Amino acid sequence: MANSYSLGSVFGIPVRVHVTLLIFLPLFALSFAPVAGLAGLFYGALGAVGLFGSVVLHEVGHSLVARAKGSRILEILLLPIGGMARLNQLPKRPADEIQTALAGPAVSIALGIAGWWFAPGVAVFNPILGYLLAELGRINFILAIFNLIPSFPMDGGRVFRAALVPRLGRLTATRIAATVGRGIAWVFGILAVLPLLHGGQIRFSLLLIAFFVHQAAGAEARAAEWEALEEVQRGQPSGLFDDLLRKWR
Ligand SMILES: [Zn+2]
């Protein structure tokens, strides 16, 4: 992707960081700083690196399973809103899609357990480092849970859609998943503005997430419609879009 820099590669997959993240990185470091002063900045930077390292490993989890299912991994891209594994194509068979989608949260849960497991031991030698590890463990658990929300663009949305495909076809399944996703976005949106009722403030980060989730639901539905039309035009049905073909016949 344009405006991104190489960080090296993991398992032969190029890892790149988008320039916008480099602008945000000092802010992440500041928000992570467990103590004041220069030491705080050092540990804050370490925490930020740990956070984005965790995100890379989450994407590596998706990538390795996708590669085993025949996809080619173009790159893992780090953005301020998270990571993204860019593939030449997503595995389309429902079972493959479910395994690929679950691999990321599985890695996050493993990292969360590792963080909590090692934190007390490390804290004996370096309390700040121990605290940081426990904090990274907690964040990895949150990452896993958040990603399992059954809505696009989260991994749970892909699992949900893929689970519906065998029975309903990919187009209908995507439309239902997108509708559920929009519903979840509305719940997030309402939760974001609810504090206003009792004199509180709007939760802007949640409102932003609600907006992104709503957009992603629509984008995924449109993408499925394009894929379905392409299959019809090529005349090589994969069987995934039987719902559409039934309607056309
Ligand atoms: Zn993921």
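Description of the structure in this document. (Residues numbered from 1 in each chain as written. Predicted model: local features only at pLDDT ≥ 70, side-chain atom pairs only at ≥ 80, totals over all residues. Heavy atoms only, no water.)

### A look at the environment of L30
- Relative to the helices and strands, L30 is located in helix α1 (residues 19-32).
- For L30, a relative accessible area of 53% corresponds to the exposed category. (Helix = DSSP H or I, 4+ residues; strand = E, 2+ residues; numbered from the N terminus. Buried < 20%, exposed > 50% of the residue type's maximum accessible area, 1.4 Å probe, protein only.)

### Topic: the coordination of the zinc ion
- Listed as protein donors to the zinc ion are H58 (NE2), H62 (NE2), D155 (OD) and D155 (OD); their distances from the metal cover 2.1 to 2.6 Å.
- Coordination at the zinc ion is irregular: its 4 donor atoms span angles of 54 to 152° at the metal.
- Overall, H58 belongs to the buried group, its relative accessible area being 4%. (Donors = N, O, S within 2.8 Å, 3.2 Å for Na, K, Ca; no water. Tetrahedral: all angles 85-135°; square planar, octahedral: opposite > 155°, others 65-115°.)

### Let's talk about the pattern of salt bridges
- Scanning the entire structure with this criterion turns up 12 salt bridges.
- Among the ionic pairs, R86 bridges to E75, the shortest N-O distance being 2.7 Å. In this pair, R86 is assigned in strand β4 (residues 82-87) and E75 in strand β3 (residues 73-79), connecting sequence segments 11 residues apart.
- Its relative accessible area of 28% is what places R86 among the partly exposed residues.
- Across the salt bridge formed by D96 and R93, the nearest N and O atoms sit 3.7 Å from each other.
- Members of the salt-bridge network, linked through shared partners, are K92, E97, R158, R161, R170, E220 and E227. (Salt bridge = Lys/Arg side-chain N within 4 Å of Asp/Glu carboxyl O.)

### Quick look at the environment of I76
- When you line up the elements, I76 lands in strand β3.
- The sequence separation of I76 and A45 amounts to 31 residues, and the corresponding C-alpha distance is 21 Å.

### Re the sheet that holds β4
- A sheet is described by the order of its strands in space; here 4 strands give the open sequence β1-β2-β3-β4, paired in mixed fashion. Unpaired on one side and paired on the other, β1 (4-10) and β4 mark the two borders of the sheet. Neighbour to neighbour, the strand axes of the sheet diverge by 25° on average, direction disregarded.
- When strand β2 (residues 13-18) meets β3, the two strands line up parallel, connected through 3 bridges. Bridged to R16 within β3 is L77.
- Against the sheet, α1 engages β1, β2 and β3, with an angle of about 60° to β2.
- Sheet contacts for helix α2 (residues 37-68): β1, β2, β3 and β4; angle to β3, the most-contacted strand, approximately 160°. (Pairing = 2+ DSSP bridges. Axes fitted to C-alpha atoms, helices over the stretch in contact; angles between N-to-C directions. Contact = heavy atoms within 4.5 Å.)

### So, the packing of aromatic side chains
- By the definition in use, this model includes 3 aromatic pairs.
- Centre to centre, the rings of F42 and Y43 are 5.2 Å apart; their planes meet at 70°, and the pair counts as edge-to-face.
- F42 gets classed as exposed once you look at its relative accessible area, which sits at 51%.
- Residue class for Y43 comes out buried when judged on its relative accessible area of 13%. (Phe/Tyr/Trp six-rings, centres within 6.5 Å; stacked < 30°, edge-to-face > 60°.)

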